[in-house]
Amino acid sequence: MRLAILSFACGVLLLQSQAELPEPWFLGPLSLVAMAVVGWNLAGVRARAGWRVQAGFLLACAALGFVWAGAMARWRLADQLPQEWETRPIELSGVVASLPQRFERGERFEFDVENVHTAGATVPSHVMLSWYRSWDDVDDIGDVDEARNVRPGERWRFTVKLKRPHGNANPHGFDYEAWLLERNIRATGTISPKAGVKRVDEFVASPGYALQRVRARIRDRFMTVLPEAPYLGVLVALAVGDQRAIPRGQWEVFNRTGVTHLVSISGLHVTMIAALAAALVSFLWRRSERLMLFLPAQKAAVLAGWVVAFAYALLAGFEIPTQRTLYMLSVVALALWSGRNVGASRTLLWALLVVLLVDPFSVLATGFWLSFGAVSVLFFVGTSRVGAVRGWRATLARWGVAQWAVTIGSVPLLLLFFQQFSLVSPLANALAIPFVSFLVTPLALIFAAVPWPPLLQLDHWLLAQLMKLLEWLSAYPVWQQQAPPLWASLLAVFGVVWVLLPRGFPSRCIGMIPVLPALFWVTPGPPAGEAWIDVLDVGQGSAVVVRTAEHTLLYDAGPFYSSQSDAGQRVVVPYLRATGVGELDAMVISHRDKDHSGGIAAVQAAVPIMRTLSSLPELPGERCVAGQSWEWDGVRFDVLHPESADYGAEEATKPARTTTNRMSCVLKVSAERQSLLLTGDIEAREEKAIIERSPSLVRSDVLLVPHHGARASSSPEFIEAVGAREIVFSAGYRNAFNHPRPEVLARYSAGRHWRTDRDGAIRIVLAGTSDVSAWRTEHQRYWYSR
Ligand SMILES: [Zn+2]
């Protein structure tokens, strides 16, 4: 049975890595055949069967997993926003379905659509809406006006503009579209505040909405008692699973010490709280003979643990990761309750089956792998080291072993997903896990039930002590390296399992050998004379990484999204880390506009930068001036714009809005035979000046189109003078400026078009020929752009 479940899981995994969803005519008959084979085997024929029948059975199980996941995906994707209704105003009414997440200029929430009032429009049943606040919505102390404050469970009527799910698609980037698919959010959009916003009902009765309302109340209660406390965000996250109030600096501390998992309610965390409740009930139960006669202490403990886990999962919003943990714990609880010794691996696999049946999309989530991985390691170490040891010393030793095992066991996964792990994480976790699980979280939960302010103040003080320690630990180094390929990660998992074998197994340290490729993996880079260029998909803005054999240059750092996030931290830094770029030999920031310079601080904080060139007077470094040039590993770099005289002109004409665009640093990258022109946001006047100044240098094979394809740039003379065959547009999906403009696209009729909004990140290899490819085509997934 264990192999059968594993085969089923492989089938699910195979489906989730498909570029296209299989058609019903394929899935239907496949499911019939698979069910027949499985049924025939389960009927008992298998007992006398040979390996061929056995293999057939397992294949059929895999086929069932494939069909199941395929059917679920088809059903979910069928509920979609038609392309012709994207970004058009639609009036609809429905219910606020989640805890609103506040951000600096508004809030964001999930919304169950009940009625569409605009004739002819079709809208998916579950969408995510953002409400950007204008000054009218806010009172003098900055709070949103009560009449316009959104609470879960309220029925509202809005006019919205929706888009199909879309996220940035980059190498080693976060797949936002998969995240939306797993949560069944089939469109995202904004509310038009001026057009008839109306609260229709104060509360729509349903258990789900009531639960969300309770969570909102509890969150408000935390906010009122400790409005200015620095770590309040962490306490709110621990109690109701809303992490938005945690500042970026604190996330950084958690990441660097490897305790991030503690702040998100999932896996280990719910398990610990359940275990605490079980232990407490078991301890008290054993004091009473009457109770013992009524129900054995073990059963009472299991029941208590499960109830607490269920309640906690509800409080955390019953989101996918907590549901997953709850199913896992339910299987464990059932096994313990029935008193049947089903064994650790069997329990875990049954839990896996339940999770995959309820949510076959969970294999797309990093959290799924990390939580199953961590629990498997605990089971593996726990069962293989069962000894008759008792007493606090032995308990402490076991605690240490478990910590150590989870840390070692998670290394391959952390390298695969995040390309880093914290060297102080065993120590930080050994201290933080019991402290947070047994002290901070229970206190926060007690406060949620009994709102007595001193409780929360004490809790905050305790947490502050832990944070001091973590901040101190976060100064220690973090192991960072390039993303290992999948095979190296699998090999490392095998090695880690070997290392964790029980004491007494010969030569356990040999297990370290298969881990080495993942730890020291070096991805191939360009040979001398070639330049490899990635135009990253940062939305509306630009960020381009140019790599030569020994050097790396960053041209623009991408847009600023909000005070909590920018493209530097979201896209550029993860990309640099995963490709193994430890330092930037040069950073060129074309001009001051936030869609090009928004990510500077994050990049500066992450990697040392040897040389900075820009047209921003306030940015330390050199000014870029036409005529500057250098050569790296057989690749030449030339600055074509602006001229030094332009800098004086800019100061004189300030503060004209377009002057920053006109100052854009234009950079030409030439390999032996092929070249690329990076143009920032220059306009027709600068294009003309560049052609006159350097008619031969402007000629290029690949062109990053000026100003995202805006109308005032890309004059016909410029297009003619550059003569590029590969035309790259960096623009946001359905952006408000309608970049690239249709008339500009038409002007480039001679070349092949590449667009980051449609194709994701664009890879350009300048070698003997220029070879261009798009991330979304090379790594097509069935949910892309659906
Ligand atoms: Zn721009």
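Data block above holds the structure.
Scoring rules and cut-offs
- Residues numbered from 1 in each chain as written.
- Predicted model: local features only at pLDDT ≥ 70, side-chain atom pairs only at ≥ 80, totals over all residues.
- Heavy atoms only, no water.
- Helix = DSSP H or I, 4+ residues; strand = E, 2+ residues; numbered from the N terminus.
- Rg over C-alpha atoms; globule rule 2.2 N^0.38 Å.
- Buried < 20%, exposed > 50% of the residue type's maximum accessible area, 1.4 Å probe, protein only.
- Contact = heavy atoms within 4.5 Å.
- Areas by Shrake-Rupley, 256 points an atom, 1.4 Å probe, with all protein chains shown as cover.
- Disulfide = S-S within 2.5 Å.
- Polar contact = N/O pair within 3.5 Å; in protein donor to acceptor, adjacent residues only side chain to side chain.
- Pairing = 2+ DSSP bridges.
- Axes fitted to C-alpha atoms, helices over the stretch in contact; angles between N-to-C directions.
- Phe/Tyr/Trp six-rings, centres within 6.5 Å; stacked < 30°, edge-to-face > 60°.
- Donors = N, O, S within 2.8 Å, 3.2 Å for Na, K, Ca; no water.
- Tetrahedral: all angles 85-135°; square planar, octahedral: opposite > 155°, others 65-115°.
- Patch = residues over 30% accessible without salt bridge, like charges linked within 9 Å, V, L, I, M, F, W, Y side chains within 5 Å.
- Salt bridge = Lys/Arg side-chain N within 4 Å of Asp/Glu carboxyl O.

K.L.:
So, the overall build of the chain: which residues are in play, and what are the values?
P.N.:
Scanning the chain from N- to C-terminus turns up 29 helices and 26 strands. Compactness check: the chain gives a C-alpha radius of gyration of 29 Å against a globular reference of 28 Å for 786 residues, within 12% of the reference. Referenced to the eigenvectors of the C-alpha coordinate spread, the extents of the chain come out at roughly 95 × 65 × 60 Å. By residue count, 52% of the 786 residues in the chain fall in the buried class. Considering only contacts within the chain whose residues lie at least 6 apart along the sequence, 70% involve residues at least 24 apart. Taken as a whole, the chain presents about 35,900 Å² of accessible surface, with 62% of it coming from carbon and sulfur.

K.L.:
Pulling in residues and values, what's your account of the state of the cysteines?
P.N.:
Under the counting rule described, the total for this entry stands at one disulfide. The side chain of Cys 624 participates in a disulfide bridge whose partner is Cys 665; the two sulfur atoms lie 1.8 Å from each other. Its torsion about the S-S bond being -50 degrees, the disulfide of Cys 624 and Cys 665 is classed as left-handed. Of this pair, Cys 624 sits in the loop between strand E17 (622-623) and strand E18 (629-632) while Cys 665 sits in the loop between helix H24 (659-662) and strand E20 (666-670), and the two are 41 residues apart along the sequence. Comparing Cys 624 with Cys 665 shows no difference in burial state: the two are buried. No disulfide involves Cys 10; its nearest neighbouring cysteine sulfur is the one of Cys 61, lying 11 Å away. Assessed through its relative accessible area of 51%, Cys 10 is described here as exposed. Classification of Cys 61 by relative accessible area gives buried; the value is 7%.

K.L.:
I'd like to hear about the side chain of Thr 660, residue by residue, with values.
P.N.:
Inspection of the secondary structure puts Thr 660 in helix H24. A distance of 2.9 Å separates a polar atom in the side chain of Thr 660 from a polar atom in the side chain of Asp 593. Contact partners of Thr 660, with chain neighbours within four places excluded, come to His 591, Arg 592 and Asp 593.

K.L.:
Help me get a handle on the environment of Leu 490, residues and values and all.
P.N.:
Here Leu 490 shows up in helix H18 (residues 486-499). Assessed through its relative accessible area of 53%, Leu 490 is described here as exposed. Along the sequence, Leu 490 and Leu 416 sit 74 residues apart, while their C-alpha atoms lie 9.6 Å from each other.

K.L.:
If you had to explain the sheet that holds E18 to someone new, which residues and values would you point to?
P.N.:
The strand order across the open sheet built from seven strands is E18-E19-E20-E21-E22-E23-E24, with neighbouring strands paired in mixed fashion. Each having just a single partner strand, E18 and strand E24 (752-755) make up the two edges of the open sheet. Direction aside, the axes of adjacent strands within the sheet are offset by 20 degrees on average. Of the pairings in the sheet, the one linking strand E19 (residues 635-641) to E20 comprises five bridges and is antiparallel in character.

K.L.:
Just give me the short version of the pairing of strand E25 (residues 762-766), but keep the residues and values in it.
P.N.:
Most of E25 is tucked away, with four of its five residues classed as buried. Here five bridges tie strand E10 (residues 531-535) to E25, and the two strands are oriented antiparallel to one another. Its bridge partner lying in E25, Val 535 is registered against Ile 762. Where E25 meets strand E26 (residues 770-774), five bridges bridge the pair, whose relative direction is antiparallel. Paired with Arg 763 across the two strands is Ser 773, which belongs to E26. Here E25 folds back onto E26, and the loop between the two strands holds three residues.

K.L.:
Which residues make up the sheet that holds E25, and what values go with them?
P.N.:
As summarised here, the arrangement of the eight strands in space is E17-E16-E15-E12-E11-E10-E25-E26, forming an open sheet in which the pairing is mixed. Two strands close off the open sheet at either side, each with one partner strand: E17 and E26. Its contacts with the sheet place helix H20 (residues 567-578) against E10, strand E11 (544-547), strand E12 (552-555) and E25, and it is angled at close to 20 degrees to E11.

K.L.:
I'd like a description of the packing of aromatic side chains, backed by residues and values.
P.N.:
Applying the stated rule across the entire model yields 20 aromatic pairs. Ring centres of Trp 25 and Phe 26 lie 6.3 Å apart, and the angle between their planes is 85 degrees; this geometry places the pair in the edge-to-face category. Taking the relative accessible area as the measure of exposure, Phe 26 reaches 38% and is therefore partly exposed. Ring centres 5.8 Å apart and planes at 80 degrees place the aromatic pair Trp 472 and Tyr 476 in the edge-to-face group.

K.L.:
An account of unusual backbone geometry is requested, with residue identities and associated values reported.
P.N.:
His 641 connects to Pro 642 through a cis peptide bond whose omega is -5 degrees. Of note, Pro 642 is situated in the loop between E19 and helix H23 (644-653). The phi dihedral of His 707 is positive, around 50 degrees, even though this residue is not glycine. Here His 707 lies in the loop between strand E22 (702-704) and helix H26 (716-722). Given the relative accessible area of 16%, His 707 is considered buried.

K.L.:
Break down the coordination of the zinc ion for me, with residues and values.
P.N.:
The zinc ion binds to the protein through Asp 595 (OD), His 596 (NE2), Asp 681 (OD) and His 708 (NE2); the donor distances cover 2.1 Å. Each of the four donor atoms bound to the zinc ion contributes to angles spanning 87 to 145 degrees, and the resulting shape is irregular. Counting along the primary sequence, the residues that act as donors to the zinc ion give the motif D-H-x84-D-x26-H. A residue pair is termed long-range when its members are at least 10 positions apart, and Asp 681 in the loop between strand E21 (675-678) and helix H25 (684-693) and His 708 in the loop between E22 and H26 qualify at 27 residues. What makes His 708 buried here is its relative accessible area of 4%.

K.L.:
Run through a nonpolar patch on the surface, naming residues and quoting values.
P.N.:
A contiguous nonpolar patch, built from Leu 303, Trp 306, Val 307, Phe 310 and Trp 337 and spanning about 420 Å² of accessible area, is present on the exposed surface. Counting residues per element, the nonpolar patch draws most heavily on helix H11 (residues 297-315), at four residues. Residue placement: Val 307 occurs in helix H11. Assessed through its relative accessible area of 44%, Val 307 is described here as partly exposed.

K.L.:
With reference to specific residues and values, describe the pattern of salt bridges.
P.N.:
A full pass over the atoms with the stated rule returns 26 salt bridges. One salt bridge in this structure joins Arg 776 and Glu 177, with 2.8 Å as the shortest N-O distance. With Arg 776 in helix H29 (residues 775-778) and Glu 177 in helix H4 (residues 176-182), the pair connects residues that are 599 residues apart, well separated along the chain. When sorted by exposure, Arg 776 lands in the same class as Glu 177, which is buried. Through salt bridges that share partners, Arg 151, Glu 154, Arg 199 and Glu 202 make up one connected network.

Functional significance is not addressed by these values, which are geometric in nature.
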